[in-house]
Every structure is written in C-alpha cells, then in structure tokens.
Amino acid sequence: KKAQIGVTGLAVMGANLARNFARKGYTVALHNRSVARTDALLAEHGHEGSFVRTESLEELVGALESPRRILVMVKAGGPVDAVIEALVPLLDPGDIVIDGGNSYFQDTRRREAALAAVGLHFVGVGVSGGEEGALLGPSIMPGGPQESYASLGPMLESIAARAEDGAPCCAWIGPDGAGHFVKMVHNGIEYADMQVIGEAHELLRSVAGLEPGEQAEVFRQWNTGELASYLIEITAEVLGQVDARTGKPLIDVIVDAAGQKGTGTWTVQEALALGSPVTGIAESVFARALSSAEPAMRAQAQRLLPAGVGATTEDVVGDAGFVEDVRQALYASKLVAYAQGLDMLTLAGAEYGWELDLAAIASLWRQGCIIRAQLLETIMEAYAGESAPANLLFAPAVTTALEAALPAWRRVVARAVERGIPAPVFSSTLAYYDSLRRPRLNAALTQGLRDYFGAHTYRRVDDASAGAYHTLWSGDRSEVIA
Ligand code: 6PG
C-alpha cells in the first residue's frame, strides 16, 4: 500500500508529527539521514499505526501515492535547501513539498517561487505546540499555493488540535510565506507573553514579597479567570518546582540569561522594516538580549550603578490589592502585545499581498500552540463580524477590559519605576496605549527639529492639502512652501 504522506527528518518534531498522522489512520513513509533513527522510531512506536520504512529519498518518493506529499522536518536554513535540492529531481509536477520547521518566511517565499517554476507545490507550514503538541495536536499555519490545500488541508486538519467548539486549529493562511510569517509573529507574541509573566513574577516577589511557591498558587488562581492560558498554567508548574539538589525553588537556581533561536528577533526586524510599532514584542526580545549580555558587564553594573530609590515608597508586602493590580496590568499588557502582533499582520498582508483573515488566525491559535489562551476567544469574536476593528484595542470588549484595568496598570508601572524594578513590557505597552489615544504627540517637535537642521519640511494642521512647509531658520524665519 502506498503511503499518503512521507516525513523526512525524524528528530522529535518530525517523529511526533509522523506518529500523529499514523495514529489518525494515514500510512506514513519514514525517512531519516541515519537509518538508525528510523529504526528506533519503528521499534518504539511502530505499533501505533501504518508506517513504511525507507532508507533513501528515492525510496521515500517511491513509497508515496500521487500527488506525493513530503513533509520536511529538518533544521531551518541550509538543511531545508539541501533536502529540497535532493528531492526536486525525484518528483513529478503537482507533488507537494511541505516545510514544517521554523523557517524564515523570506526563505519560504524564495523556495515557493523556485518550486512553482518547476511545477511543484511548496507549502511552508508554521507548527506550534512543542513536542507534545506535535504528537497530540498542534496548531498549524500552512501557507503556499491554495490549490495544494485541497489535497493537504484535510490531513493537516485531522492531526491539528481542536478548539472547544470543535473547529480544527488549522487553516490555509495565504500564499507563499504567509504561514511561516504568521508563525513568526506567533513566536513574537509568545516572547511578549512570557516577558509580561516574568515582570509580574518579579513584582510579586520584590514588591509583594511572595515566594515562588506562594506565587505558584497565585498563578494557578489567575489561570481560572480571564488570564487562563497555557503559559500561565505552566508558570505555576515552574514556580512550584523545588530543586532536588538544594531544596530551593528551582527558579532560584536557574541562570537568569534567556536564550532564543531567532524567531523573536526576526519578528522585530521585520516589524522595523514594515514600520510596525510592536513595542511590547521588541522589548521582550531586548530583555532576553540584556539578560544574556556579558555577565561581567552585569556584575560591574551591580557594583557601579546606584538604584536611586527613595526611602518613601510604602511597603505593600502581603498586599492583596497589589497582587490584583499586577494581574490586571498583566492582562492589559498582554492585550496590547496581541494587538501589536495582529496589527503587524495587517501591515504585512498589505505589503506582501496576503489577505490574512485575523478571525481565522485567532481561531487556530485557540488550542495547540504555545500562546493558546482564553483571550483568543475574545480576539476571534472581535474580528468575526462584518466590520473588523482597525486595531484590536478598538473592539468594544477589549476597550472595556482595558478601561477596567487602566488604574491598576498605571499603579503597577509607577510602583515598578519607583522601586527600580524593570518592567519594560508593562511600561512600553502602556506608553503605546497612551500614544495612540493622545490628541497631540511630541512628533511635532521632531518635525520642527528636522526642518531646522535638514530642511526636511513639515505639514501644517491648518492645511488640508498636506503641503510641505519649510521655515527659513537661518534667514528671516519666514515660512515658505517647499
Ligand atoms: C512553538 C514554539 C517553538 C519555538 C520555541 C523556542 O510555537 O511551539 O514557538 O516553535 O521553537 O518556543 O523559541 P525560542 O528558542 O526562540 O525561545
């Protein structure tokens, strides 16, 4: 019997996706550069479904029904190109090559164009949910030629997570790199989501005096309300963990230098190119960079830089009101971070000619992925109607939620600043919110200065035709139309 899908690259993500397909009743052809890994997978999990063992890409291609579907699960970058190069001569027009890794979307656009030119379909798929998600139901973001979704979509939907309403957490996102782009922004939001949780954790400890074990209980409680989400849930697990070696909370023996594989940085680089103000995501990426800066420099800073914290700050240790304030600040910052990420998707859609359906994207993030959260139901509803809001923050349910949280959010940011506790995402998302709603921004002065030193011109508030004006700064200071 010919296999319906082939998987090449059987590291944990590839292996688990292959098993997921097999458990859903598909016959799956397996290939890995070293056959030992294929055999190990078959020995351990071969009984879970119908697998075909292959030892070469030729054999893999030969094992597949037509049109062939081949899922490539190798390291993003050069290895993906190498596999594609080896596969292309073996394939026939109409066959589908699927890249399920965290590839850079511009690579996906390039590969899609190259394969389209030889009659092949290239589908760049964002897959979220980690190892467990890959096996039990990930959130899946496929991009590429829409016609390939007719053949591939049902298979992907069958292995995807399901939302509470039964909808699969998988939908065709758009042409070429759209799927990988949306996965990249998902990761940017993931960074912000984790950073705001980290800021809450730090404030609960340094201001409210809650030990990690006590905080685990707080997060567990928060997970029953509007903050309910996978990341809050696992925060309770991590904070509650006691280190076997020292008896201390595990969190206190983990080095405070955050790593990253690059998707967060890509999100911010791309946001800069698009002019998309994803301040919360950017601060999260920078917070990771700062944490892993030269340890020697951090040590020196601790010796040299004074806190300048006044003695007047009242103590709020054990203050339940402050804990609730932090919860509300966390929710509000999270809302803004999601709004920024979605706004970036809108800008990218216009730039790259994708018609991104934000309701569908929010829908497929509801389960399976790392940022899955109760909030995504609200976001999905915000975009589900006829007239989508220009910014998530304008959806009535979101505006109302922010209004309720604002006093607490401002108190928390003020307290953090007073105490010298960094809360970059709490504060930058609040600055974004305030910048959006202010009738006048200090950009007027920026324009005045640019005109002064470089004759860059400015527009006047009383000229609807948006003409460019210049003041003769080094002359008689009269104004001319440029
Ligand atoms: C997911 C995750 C995953 C990502 C890790 C690590 O959606 O399942 O986003 O794809 O690789 O979260 O990312 P960093 O190493 O950049 O933190």
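Described below are features of the structure shown in this document. Computed from a prediction, not measured in an experiment: that's the story for all the values here.

### Details of the overall build of the chain
- In terms of helices and strands, the chain carries 19 helices and nine strands.
- The principal-axis extent of the C-alpha atoms belonging to the chain is close to 80 × 70 × 50 Å.
- Relative to its full complement of 482 residues, the chain shows a buried share of 50%.
- Within the chain, contacts between residues at least 6 apart in sequence are counted, and of these 67% link residues at least 24 apart.
- About 22300 Å² of surface is accessible on the chain, with carbon and sulfur atoms providing 54% of the total.
- Charge centroids of the chain, computed over 39 positive and 57 negative side chains, lie 3 Å from each other.

### A look at the state of the cysteines
- According to the stated counting rule, one finds zero disulfides in the structure shown.
- No disulfide involves Cys169; its nearest neighbouring cysteine sulfur is the one of Cys369, lying 7.3 Å away.
- On the accessibility criterion, Cys169 (0% relative accessible area) is buried.
- On the accessibility criterion, Cys369 (0% relative accessible area) is buried.

### Remarks on the pairing of strand E6 (residues 121–128)
- Among the eight residues of E6, eight are classified as buried, and the element is accordingly described as predominantly covered.
- Side chains His121, Val123, Val125 and Val127 project from E6 onto one buried face, and the interleaved Phe122, Gly124, Gly126 and Ser128 project onto a second face that is buried too.
- Bridging between strand E5 (residues 96–99) and E6 involves four bridges; their strand directions are parallel. Counterpart to Ile98 in the pairing with E6 is Val123.
- In this region the chain leaves E5, passes through helix H5 (residues 105–117) and returns to the parallel neighbour E6; the handedness of that crossover is right-handed.

### Overview of a nonpolar patch on the surface
- Judged by side-chain polarity, Leu445, Leu449, Tyr452 and Phe453 come together as a nonpolar surface patch covering roughly 490 Å² of accessible area.
- Positionally, Phe453 belongs in helix H19 (residues 443–454).

### Description of the packing of helix H8 (residues 178–206) against helix H18 (residues 424–437)
- Where H8 contacts H18, the two axes come as close as 8 Å, and the packing angle between them is 120°. Within the contact between the two elements, H8 uses Gln195, Val196, Glu199, Ala200 and Leu203 and H18 uses Pro424, Val425 and Phe426.
- When its residues are assigned to classes, the contact of H8 with H18 shows six nonpolar, one polar and one charged.

### Observations regarding the packing of aromatic side chains
- Following the criterion strictly, the structure yields 13 aromatic pairs and no others.
- The interplanar angle of 75° and the centroid separation of 5.4 Å between the aromatic rings of Phe105 and Tyr352 together place this pair among those described as edge-to-face. Of this pair, Phe105 sits in helix H5 while Tyr352 sits in helix H14 (residues 320–352), and the two are 247 residues apart along the sequence. Both residues of the pair, Phe105 and Tyr352, belong to the buried class.
- Plain terms: the ring middles of Phe105 and Trp354 are 6.2 Å apart, the flat faces sit at 80° to each other, and that makes the pair edge-to-face. Taken together, the residues span a long stretch of sequence, with Phe105 in helix H5 and Trp354 in the loop between H14 and helix H15 (358–364) at a distance of 249 residues.

### Things to note about the sheet that holds E6
- Taken in spatial order, the seven strands line up as E3-E2-E1-E4-E5-E6-E7 in an open sheet, and their pairing is mixed. Only two strands of the sheet have a single partner each, and these edge strands are strand E3 (50–53) and strand E7 (139–142). This sheet shows a mean twist of 25° between the axes of neighbouring strands, independent of strand direction.
- Where E6 meets E7, four bridges bridge the pair, whose relative direction is antiparallel. Considered in E7, the bridge of Val125 is made with Pro142.
- Its contacts with the sheet put H8 on E5, E6 and E7, and the angle it makes with E6 is roughly 15°.

### Describing H8
- Taking 1.5 Å as the rise per residue, H8 with 29 residues should run 42 Å; its terminal C-alpha atoms sit 42 Å apart, in good agreement.
- With respect to burial, H8 is a largely interior element, 24 of its 29 residues being buried.

### So, H19
- For H19, built from 12 residues, the straight-helix expectation of 16 Å at 1.5 Å per residue is met to within 8% by its first-to-last C-alpha distance of 16 Å.
- Looking at the residues trailing H19, positive phi occurs at Ala455, about 50°.

Rules and cut-offs
Residues numbered from 1 in each chain as written. Predicted model: local features only at pLDDT ≥ 70, side-chain atom pairs only at ≥ 80, totals over all residues. Heavy atoms only, no water. Helix = DSSP H or I, 4+ residues; strand = E, 2+ residues; numbered from the N terminus. Buried < 20%, exposed > 50% of the residue type's maximum accessible area, 1.4 Å probe, protein only. Contact = heavy atoms within 4.5 Å. Areas by Shrake-Rupley, 256 points an atom, 1.4 Å probe, with all protein chains shown as cover. Lys, Arg positive; Asp, Glu negative; His and termini not counted. Charge placed at Lys NZ, Arg CZ, Asp CG, Glu CD. Disulfide = S-S within 2.5 Å. Pairing = 2+ DSSP bridges. Right-handed = clockwise from strand over helix to strand, strands pointing away. Patch = residues over 30% accessible without salt bridge, like charges linked within 9 Å, V, L, I, M, F, W, Y side chains within 5 Å. Salt bridge = Lys/Arg side-chain N within 4 Å of Asp/Glu carboxyl O. Axes fitted to C-alpha atoms, helices over the stretch in contact; angles between N-to-C directions. Nonpolar A, V, L, I, M, F, W, Y, C, P; charged D, E, K, R; others polar. Phe/Tyr/Trp six-rings, centres within 6.5 Å; stacked < 30°, edge-to-face > 60°. Expected span 1.5 Å × (residues − 1).

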